[in-house]
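# Tertiary structure, described
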Amino acid sequence: MITSTPLARPLTIDAPVDAVAKDRRWSLFIDYWQRLAATCGDWPRRRDLDPIEMGRDLLGNLFLIDIEPAVGADAQPRYRFRLIGDEITEREVVRPGMYLDELGPPATLTDIKHHYAEAIAGRARLRETTLHWESRGKEHVGYSVMMLPLLDDAGTVAHLIGCAIYEDERPR
């Protein structure tokens, strides 16, 4: 477990050492976010992201989500996919502009929504799963994903940046 300090707000990153060691893209992703946070003194803002600094090995596995706040007493926030890397679009039906709740029945998306809520609250973790939630026949497609929070200019978590690495990819 890694805790980024000293920041205005701490972020706990729970990533098994063996998983991070298996594919260096996890280190690239986590280190990039932590460097931005150290420079900002707080969690980074979306505008702080620089694709050139992220590096070509990582870009195809990244996705960016806009968080639309909940409206109403029983409402939940909505998650809209802003950008999606090629490694993801090769395997999944999600496309930029789509909302998470358009990808399947609410019961199948519960783990994903919980994962997003954890990142918003400052608890990032590596979630290992399959594409079973997307459609029948994809249960065998395993992947790991991590979400990290991004702020808007008001200092509110308004975006998430995610990295998804699939088991059928060549480790880098």
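Residues numbered from 1 in each chain as written. Predicted model: local features only at pLDDT ≥ 70, side-chain atom pairs only at ≥ 80, totals over all residues. Heavy atoms only, no water.

## A few points about the sheet that holds strand S7 (residues 142-151)
Here 5 strands make up an open sheet; going across it, the order is S4-S3-S8-S7-S6 and the pairing antiparallel. A strand with exactly one partner marks an edge of an open sheet, and here the two such strands are strand S4 (78-84) and strand S6 (127-130). On average, each strand axis in the sheet is tilted by 30 degrees relative to the strand beside it, whichever way the strands run. Pairing between strand S3 (residues 62-68) and strand S8 (residues 157-166): 5 bridges, direction antiparallel. Across the sheet, the residue bridging to phenylalanine 63 is glycine 162, located in S8. Strands in contact with helix H2 (residues 24-40) are S3, S7 and S8; relative to S7, the strand with the most contacts, it is inclined by about 5 degrees. (Pairing = 2+ DSSP bridges. Helix = DSSP H or I, 4+ residues; strand = E, 2+ residues; numbered from the N terminus. Axes fitted to C-alpha atoms, helices over the stretch in contact; angles between N-to-C directions. Contact = heavy atoms within 4.5 Å.)

## Quick look at the confidence of the model for the chain
When pLDDT is averaged along the chain, the result is 86; 89% of the residues meet or exceed 70. Below a pLDDT of 50 lies the segment residues 1-5, which in the model reaches 13 contacts outside its immediate sequence neighbourhood of four places, other chains included. (pLDDT = per-residue confidence, 0-100.)

## Quick notes on the nonpolar core
Counting 50 residues, the largest nonpolar core has Phe63, Phe81, Tyr116, Met146, Leu148 and Ile161 as the members making the most contacts within it. For this core, the secondary-structure elements that each account for two or more residues are strand S2 (11-14), helix H1 (17-22), H2, S3, S4, helix H6 (110-120), S7 and S8. (Core = buried A, V, L, I, M, F, W, Y, C linked by side-chain atoms within 4.5 Å. Buried < 20%, exposed > 50% of the residue type's maximum accessible area, 1.4 Å probe, protein only.)

## Some remarks on H6
Two residues of an α-helix separated by three or four positions point the same way, owing to the 3.6 residues in each turn. Among the residues making up H6, those that are buried are Ile112, His115, Tyr116, Glu118 and Ala119. Taken around the axis of H6, the buried residues stretch over an arc of 160 degrees, which confines them to a single face. Where the residues of H6 are buried, they touch S3, S4, strand S5 (123-125), S6, S7 and S8. Positive phi shows up at glycine 122, right after H6, with a value of about 95 degrees. (Arc of directions from axis to C-beta.)

## Focus: the pairing of S7
S7 sits mainly inside the fold: 10 of its 10 residues count as buried. Here S7 shows a buried face lined by Gly142, Ser144, Met146, Leu148 and Leu150 and a second buried face lined by Tyr143, Val145, Met147, Pro149 and Leu151. Bridge count between S6 and S7: 4 bridges; the pairing is antiparallel. Within S7, the residue paired with threonine 130 across the bridge is glycine 142.

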